[in-house]
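Close look at the chain arrangement
Below are the chains, spelled out letter by letter.
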Amino acid sequence: MPLPQVSSLNLNLRLLFPLLSPFKPTSLSYLKPINHSSSLFTVLASSKRHRNVPPSHHLKPNLARRNTSTLSNRDQQKVAPMETTTEPQPSVGFNKRRAEGRDKSDKPHKNLQLKVRKLNPVNTISYVQILGTGMDTQDTSPSVLLFFDKQRFIFNAGEGLQRFCTEHKIKLSKIDHIFLSRVCSETAGGLPGLLLTLAGMGDEGMSVNVWGPSDLKYLVDAMKSFIPNAAMVHTRSFGPMLSSDTASMPDSSQFQEPIVLIDDEVVKISAILLRPSCSDGSPHLNEEPVMQNPSERGLDERMDPNGKAGSIMKPGDMSVIYVCELPEIKGKFDPAKAMSLGLKPGPKYRELQLGNSVKSDRQNIMVHPSDVMGPSVPGPIVLLVDCPTESHLQELLSIQSLSSYYVDALDNIPESAKTVTCIIHLSPASVIRGSNYQRWMQRFGSAQHILAGHEMKNVAIPILKSSARIAARLNYLCPQFFPAPGFWSLQQLNYSAPESSASSEGSVPKLCESIAAKNLLKFTLRPYAHLGLDRSGIPNSVTPTEIIDELVTEIPEIVDAAQCVSQFWHGSRETEETTSLQDNKVFVEEPWLNENSLPSCLENIRRDDLEIVLLGTGSSQPSKYRNVSSIFINLFAKGSLLLDCGEGTLGQLKRRYGVEGADDAVRHLRCIWISHIHADHHTGLARILALRRDLLQAVPHEPLVVVGPRQLKRYLDAYQRLEDLDMQFLDYGPTGQSIDCTLFARGSQMQSYWKRPGSPVDNRMALPILKTLKRALSEAGLEALVSFPVVHCPQAFGVALKAAERINSVGKVIPGWKIVYSGDTRPCPELIEASRGATVLIHEATFEDGMVDEAIARNHSTTMEAIEVGDSAGAYRIILTHFSQRYPKIPIFGETHMHKTCIAFDMMSVNIADLPVLPKVLPYLKLLFKNEMIVDESEDIVDDAVEAVHVGS
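Just so it is clear, the structure is predicted and the values come from calculations on it, not from any experiment.

With that out of the way, let us pick up the side chain of Ser181. Take Ser181: it is sitting in the loop between strand 6 (177-179) and helix 6 (185-188). Only 2.6 Å separates the side chain of Ser181 from the side chain of Asp386, close enough to count as a polar contact.

Look at the link from Arg526 to Pro527: it is a cis peptide, with omega at 0°. Inspection of the secondary structure puts Pro527 in the loop between strand 18 (522-526) and strand 19 (532-534). If you check the backbone angles, Leu520 has positive phi at about 70° while not being a glycine. Within the secondary structure, Leu520 is located in the loop between strand 17 (514-516) and strand 18. Take Leu520: its relative accessible area is 10%, and that puts it in the buried class. Despite not being glycine, Asn859 shows a phi value in the positive range, around 55°. For Asn859, the location among the structural elements is in the loop between helix 24 (852-858) and helix 25 (863-873). The buried category is assigned to Asn859, whose relative accessible area is 0%.

One can find Asp824 in the loop between strand 33 (818-821) and helix 23 (829-834). Among buried charged residues, Asp824 stands out as having no salt bridge; its nearest opposite-charge side chain is Arg98, 8.0 Å away. Within the structure, the side chain of Asp824 is placed 3.0 Å from the side chain of His681, a separation counted as a polar contact. Side-chain polar atoms of Asp824 contact the side chain of His882, separated by 3.2 Å. Once residues lying within four places of it in the same chain are set aside, the contact partners of Asp824 are His676, His681, Val790, Val791, His792, Glu844, His860 and His882.

Right, let's talk about the pairing of strand 30 (residues 797-803) for a bit. Extensive coverage of strand 30 is indicated by the burial of 7 of its 7 residues. As judged from the 7 bridges shared by strand 29 (residues 782-789) and strand 30, these two strands associate in the antiparallel manner. What sits directly across from Leu785, in strand 30, is Leu801. In this sheet, strand 33 lies alongside strand 30 in antiparallel orientation, the contact comprising 4 bridges.

With 5 of 5 residues buried, strand 26 (residues 704-708) lies mostly within the body of the structure. On strand 26, burial covers both faces: Leu704, Val706 and Gly708 on one face and Val705 and Val707 on the other are all buried. Bridging between strand 26 and strand 27 (residues 727-731) involves 5 bridges; their strand directions are parallel. Paired with Gly708 across the strands is Asp731, a residue of strand 27. As a crossover connection, the stretch from strand 26 through helix 21 (residues 710-719) into strand 27 is right-handed.

The rules behind each value
For every chain, the first residue of its written sequence is number 1, and the numbers climb from 1 along that sequence. Local features are withheld for residues below a pLDDT of 70 in this predicted model, meaning they are given only at 70 or higher, and side-chain atom pairs are given and counted only at 80 or more; totals for whole chains, interfaces and linings count all residues. Note that the side-chain values use all heavy atoms of the structure and ignore hydrogens as well as water. Only DSSP runs of H or I covering at least 4 residues are called helices, and only runs of E covering at least 2 are called strands; the numbering of each starts at the N terminus. Residues adjacent in sequence count toward polar contacts only when both atoms are side-chain atoms; beyond that, a polar contact is any pair of N or O atoms within 3.5 Å, and within protein one must be able to donate a hydrogen and the other to accept it. Think of it in three bands: with a 1.4 Å probe and only protein chains considered, a residue is buried below 20% of the maximum accessible area for its type, exposed above 50%, and partly exposed in between. We count Lys and Arg on the positive side and Asp and Glu on the negative side, and we leave His and both chain ends out. A pairing counts as a salt bridge when a side-chain nitrogen of Lys or Arg comes within 4 Å of a carboxyl oxygen of Asp or Glu. Contacts: residue pairs with any heavy atoms within 4.5 Å of one another. Each pair of strands is called paired provided DSSP finds at least two bridges between the two strands. Here, the term right-handed applies to a crossover whose path from the first strand over the helix to the second runs clockwise when the strands point away from the viewer.

Spelled out as structure tokens, the structure:
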């Protein structure tokens, strides 16, 4: 019997997908549809309701279960009360309050206080250290750690910083302050996830001070749309504010004088603002205004100090030079001299050592500290310089407040000068290599220069070695599904950068002492005896060959396993343009193949038709081995799509395809689709959009269409006041108004909110964007893109992509493939219906089968639940993803019903022509991780707490 009409969105899925048929009797056929007229996410399986009753009895008896739940009594008190339904027959429960966004009031309020530490003015250890985020991918700015015994400061928080710190055991809980040298996606992309993780630590949560130029206001306003507790963000902005109330550019004097930010017993940190030059002809200052709405252009219409029109300074243009000055090291106290001046041993000795003069006990004189103290040693001074463009360099050369740090042409230090010990240059190599910049560097005399701008030679050295090690092992076992990274393959072991892009060390005249930064390079500031570079912490480079040698020693049978896996492709004409998989005799012997016959859409499929790349397969927060959610749909010559875009997505693209290959992938994006507002699914979006904007700056193009929940539009609107993202937005939520468009299911009302926040929505504004998207998807060979509601949080959706039909060489019409992505969800009828006849269902499997309680509490799915959804829908292949980070390398799963299923790993690349092989690889993956299929229980508490914050917004 056909399904009753339960939502206008669900009703018309069949109109788009003729292959979809009514529910068949299956293990999940008892699911009832989502009733939007009652409550968006209520499952009407029974009129009787119970609270906190996990319906775990429907699990099949042969499934392995854990006997204990990770929800302790204390943790269960934090879980929102659930409304689930149970009846004598099996049913699937979910947390109704969480799905409707009503669980926020159930969570204990955290009073996120700033840490107050007792400082130690006589520090035994102090150093600056390069945190090499982005060094191997060139997608984000490196960070710098300023370390003291009782304080930690980080400069810049680009994407991947949190994952980097986890990898290298840098404790985020010890960080007191974060400073941004610019406010943009390159320097601040990792900030939202970092703040959310800190808020989830401990019972009370943690917070930090975030410092930056006045532009920081726009970033904070944007983050408030999805960071649940504003107290997490303690911002300290400085410098003149660019606002629509200002009639002209702020006076240049406001950019010249240092602004003291911190001045305590251990360090004085000052900021010198650096703006782009306002000279005529500066292309940086004559761009079109960022905002599309004329009423908002006042922000960008500025005049330069000389009153010339046309010069524009936007938020995001300001850069910062940070000056870190440690106190002087006082000379040694000489008791003999004190006694000779008539002082008795006692409190006056202490006063002198503190720098105070005292009266002699035996003589009628005043004794000054200089009389009894040895010569002091000036404290080290460190500069962090971010000069992003040549236009900024013109201003840098004219800053007068830096003159006190310069030496003269003969290297003589003026009496009033301060000697700079170390300068870390965050400026790009293209700026640093210029002769003007080099001469400016020389003015600091003997200072040690560390060049942290992107260098090509660092591309060959993975920063995240744990995940690189896993990638190398997977590549050895099955290179077809796990290709060698774009910049770290067996063919590139002897990588050497071309001369034109070599390190600054060898490509510019050595006018001053400088070295190229390396990951974890230190410059010691205290103790004074060890002042200088410290390379001891730089990780040793490990080649793939060494990793494989270690693997073969650890698991000798992996050699035969790799040969067995390679035989799966034996007989398929892999090197030809097309692949006829029906002729692959390897599969004929499989007993399950008859019930899982090859879909007609795979007949004579081309290898350049579709590739699914799992860029991030973890949940909640990045870990050493799994990044957060993102799926790259590679349509080769027809373009590409992104389904979700968690933090670090761009870095993962560059690891998969190489720096230039990832640029091409971003350049040819047709659409980005975001499943819901939780931070682990969208905080990489701004970085991707900003890169695409830059790559296409000189090329005629249309703004990229982003499809997502309406809360995401609020974030993007606020963020675009900071930097233009060159995008158009469509909300996939129902509005009750009709749009005549066959691209989407009738009733879904994909809608544009390309207007100021709070303005009335006009569907007439949506139609041009709908046409743009329809044209882009058509050019990508897609017949339909359909969003459908799922059960997770308000405005949570899954998506189905349907390829257009094709005609083979003899005129036969071959149906197009269909890909379905669940997003985050409990099993639900909308997902099953949308997945009818799917070629591939990519389904979240956050928890193992024994953790149904947790899955219900957080509205996620277990492994078996995900498989049952695919079985119920008749999906040909199921790829499981979005694993809890409590499973460090491989999740726990049973052997039952895995004949059409595979587990995803980061950078796993599934070509559509290889789908018949996919489940066959799973047993060999278990062999590869046979010594590591253990739950990391030590991370459970942190994982649970952080998940609650990350996905509780």
